[in-house]
Amino acid sequence: ETGVTQTPRHLVMGMTNKKSLKCEQHLGHNAMYWYKQSAKKPLELMFVYNFKEQTENNSVPSRFSPECPNSSHLFLHLHTLQPEDSALYLCASSQEGIASGGQETQYFGPGTRLLVL
Amino acid sequence: GQNIDQPTEMTATEGAIVQINCTYQTSGFNGLFWYQQHAGEAPTFLSYNVLDGLEEKGRFSSFLSRSKGYSYLLLKELQMKDSASYLCAVRDEDYKLSFGAGTTVTVRA
């Protein structure tokens, strides 16, 4: 149990569908992240939120829309996706700041396996 | 940005030692992490290096040389449960992590 949960664990959607991925962290962290993991490729950072404010949008297409209503919850809204968007979407959280002692390890959720048909 | 290289696959025998190398070229450096990821599961934190030298944690050790842009993860007394993907990640001065593609380690009996 890593303290970061994601739902759903698996999702199949058509290119015209709209769906949302949900992430919740129970660790009291102040930063949350969305990553994309494709087969045999490095994890790609998509979005970063610090204290509920988006601080990073790593040139992600607008068909991916993040939402962070509070420091414990993070959503990724999906619409008109393409088959190449099929991947594992991982959420992570960390405690950022000097008081954290420098390590600021990111803790990952189990991911949502997305298939776009 | 960061360019992080690690071997794609490694195979070793139960009880043996395996060393996974990671080289990086960075525009800034603020620590190097190793994560373990079993198939279908979340990456889990293994080790963190920010200064040169060796960090030991039980059967796992990680080494860093900042001048060479080089790290390795050493897995000793391999067990079947160590079969997984091992991810090298470098953190930049903005505290963003950049990951290598991962090394799949297969442990054989």
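Residues numbered from 1 in each chain as written. Chains lettered and ligands numbered in written order. Predicted model: local features only at pLDDT ≥ 70, side-chain atom pairs only at ≥ 80, totals over all residues. Heavy atoms only, no water.

Student: I'd like to hear about the overall build of chain A, residue by residue, with values.
Tutor: For chain A, the count of helices and strands is 0 helices and 11 strands. On the principal axes, the C-alpha backbone points of chain A span a range of 45 × 25 × 25 Å. Taking all 117 residues of chain A together, the buried fraction comes to 48%. At a minimum sequence separation of 6, the contacts of chain A that also span at least 24 residues come to 55%. As displayed, chain A offers around 5,600 Å² of accessible surface, 52% of which is attributable to carbon and sulfur atoms. Taking the average place of the 10 positive charges on the side chains of chain A and the average place of its 10 negative ones, the gap between the two points comes to 10 Å. (Helix = DSSP H or I, 4+ residues; strand = E, 2+ residues; numbered from the N terminus. Buried < 20%, exposed > 50% of the residue type's maximum accessible area, 1.4 Å probe, protein only. Contact = heavy atoms within 4.5 Å. Areas by Shrake-Rupley, 256 points an atom, 1.4 Å probe, with all protein chains shown as cover. Lys, Arg positive; Asp, Glu negative; His and termini not counted. Charge placed at Lys NZ, Arg CZ, Asp CG, Glu CD.)

Student: Go over the interface of chain B and chain A, please, and point to the residues and values.
Tutor: Contacts between the two partners involve 18 residues from chain B and, on the opposite side, 20 residues from chain A. With both chains or domains summed, chain B and chain A bury close to 1,600 Å², and 56% of this area falls on carbon and sulfur atoms. Summed over the three residues of chain B that lose the most area to chain A, namely Tyr-95, Lys-96 and Phe-99 of chain B, the buried surface amounts to 27% of that side. Linking chain B with chain A are 0 salt bridges, by the criterion used here. Summed over the shared surface of chain B and chain A, the result is 3 residue pairs in polar contact (both at pLDDT 80 or more). Counting residues per element, the ones that place at least two in the side of chain B that touches chain A are β4 (32-37), β5 (44-49), β9 (84-91) and β10 (97-99) of chain B. Of the residues forming the side of chain B that touches chain A, the biggest block, 3 residues, is contributed by β4 of chain B. Taken together, the residues of the side of chain B that touches chain A sort by class into 11 nonpolar, 3 polar and 4 charged. (Buried area = accessible area lost by both parts, 1.4 Å probe. Salt bridge = Lys/Arg side-chain N within 4 Å of Asp/Glu carboxyl O. Polar contact = N/O pair within 3.5 Å; in protein donor to acceptor, adjacent residues only side chain to side chain. Nonpolar A, V, L, I, M, F, W, Y, C, P; charged D, E, K, R; others polar.)

Student: Hey, could you go over the nonpolar core for me, with residue numbers and the actual values?
Tutor: In terms of nonpolar packing, the biggest core is built from 22 residues, with Trp-34, Phe-64, Leu-76 and Leu-78 of chain A touching the most fellow members. Among the nonpolar cores identified, the runner-up in size contains 20 residues, and Leu-46, Cys-88, Val-105 and Val-107 of chain B belong to it. (Core = buried A, V, L, I, M, F, W, Y, C linked by side-chain atoms within 4.5 Å.)

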